[in-house]
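Take a look at the letters that make up each chain.
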Amino acid sequence: MSLLVETIRIENGKILNISFHKERMIRSLYNIYGLMMEPVLEKIIEVPESAYQGIYKCRVIYDDKSSKVEFLPYSLHPVRSLKIVFSDDICYPYKYSNRDKINKLFDMRGECDDILIVKYGKLSDTSYANVILMDTEGSWVTPSTFLLPGTRRANLLKSGLIKEADISYTDILKYTELKLINAMMNIEDTEGIPVRNIVDYS
């Protein structure tokens, strides 16, 4: 079985959004291994002095018996275009370190920066992020048919900054732009991708 992973944003030495990462880890450990336990991330993660300034990516790689923590400098890679790919058998409800199936879909992106996965006719995620779309009233919505329950997505939903919607592939033109969100990227961290930059829309 593949190891699980949590990717956590460290900003100027502070661990961000930690309660949502804990919640996902608890759910994963229970659903996969039948364990009822709460990981103490504050003790697992010891932020090194090198991460006291700037933004770092902390990866907690774990299973039911062990955990490993690594820190990597973070830089944002702009995504300006998406290629729609269809896959009804893709399944990624837990954040596994093994991403072979997603990587195969990513290889289909052509000249685009990333992919937008459509499953059973519904929008889901890109290769590494949940998505939000701006409607004509200026509100952000996120597909209810996501692949992975992202921690940033959960935070934004709880705070009321975004809402869920059932978004079919044929609904894309009802929206003006799309953004990627994940543990490392908040709404304001990236520019919106115009709908015209979503390739192979018919």
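Above this text is the structure in question.
None of the values given here were measured: they were computed from a predicted structure. (Residues numbered from 1 in each chain as written. Predicted model: local features only at pLDDT ≥ 70, side-chain atom pairs only at ≥ 80, totals over all residues. Heavy atoms only, no water.)

Before we go on, may I ask you to explain the sheet that holds strand β3 (residues 55-62) in this structure?
What links the strands of a sheet is backbone hydrogen bonding, and the strands pair in either a parallel or an antiparallel sense. Taking strand neighbours across the sheet as the criterion, the four strands line up as β2-β1-β3-β4 in an open arrangement whose pairing is antiparallel. Single-partner strands in this sheet number two, and they are β2 (14-15) and β4 (67-73). Contacting β1 (4-11), β2 and β3, helix α1 (residues 18-33) runs over the sheet at an angle of about 175° to β1. (Pairing = 2+ DSSP bridges. Helix = DSSP H or I, 4+ residues; strand = E, 2+ residues; numbered from the N terminus. Contact = heavy atoms within 4.5 Å. Axes fitted to C-alpha atoms, helices over the stretch in contact; angles between N-to-C directions.)

Help me out: how do you make sense of the pairing of β3 in this one?
In summary, the side chains of a regular strand alternate between the two faces of the sheet. Where β1 lies against β3, eight bridges are found, and the strand directions are antiparallel. Looking at the pairing, Glu6 lines up with Val60 of β3. In the sheet, β3 pairs with β4 via seven bridges, with the strands oriented antiparallel. When the bridges of β4 are listed, Val60 appears paired with Val69. Two successive antiparallel strands, β3 and β4, enclose a turn made up of four residues.

I would appreciate a short explanation of the sheet that holds strand β7 (residues 122-123) in the present structure.
Taken together, four strands build an open sheet; the order of strands is β7-β6-β5-β13 and the sheet is mixed. A single partner strand is all that each edge strand has here, and the edge strands are β7 and β13 (198-199). As defined by bridge partners, strand β5 (residues 82-86) adjoins strand β6 (residues 114-119) across five bridges and the pair is classed as parallel. Its bridge partner being in β6, Ile84 is matched across the sheet by Leu116.

Quick question: what am I supposed to make of the nonpolar core here?
Side chains that are nonpolar tend, in soluble globular proteins, to be buried together. In terms of nonpolar packing, the biggest core is built from 26 residues, with Ile8, Ile10, Leu41, Ile45, Val60 and Ile117 touching the most fellow members. Among the secondary structure elements, those contributing two or more residues to this core are β1, α1, β3, α3 (100-106) and β6. Membership of the second largest hydrophobic core comes to 21 residues, among which are Leu116, Leu123, Ala165 and Tyr175. (Core = buried A, V, L, I, M, F, W, Y, C linked by side-chain atoms within 4.5 Å. Buried < 20%, exposed > 50% of the residue type's maximum accessible area, 1.4 Å probe, protein only.)

Explain the environment of Glu70 to me, please; I cannot follow it from the model alone.
Note that Glu70 resides in strand β4. Given a relative accessible area of 23%, Glu70 falls into the partly exposed group. Considering only alpha carbons, one finds Glu70 and Lys57, 13 residues apart in sequence, at a separation of 8.2 Å. Once residues within four sequence positions are removed from consideration, Glu70 is found in contact with Lys57, Cys58, Arg59 and Ile61. In terms of polar contacts, Glu70 uses its side chain to reach the side chain of Arg59, at 2.8 Å. (Polar contact = N/O pair within 3.5 Å; in protein donor to acceptor, adjacent residues only side chain to side chain.)

Is there a simple way to explain unusual backbone geometry in this structure?
Across the chain, the bulk of peptide bonds are trans and the bulk of non-glycine residues have phi less than zero. Phi at Asn17 is positive, roughly 60°, even though this residue is not glycine. Positive phi outside glycine occurs at Tyr120, with the angle close to 50°. The residue Tyr120 is located in the loop between β6 and β7 in this model.

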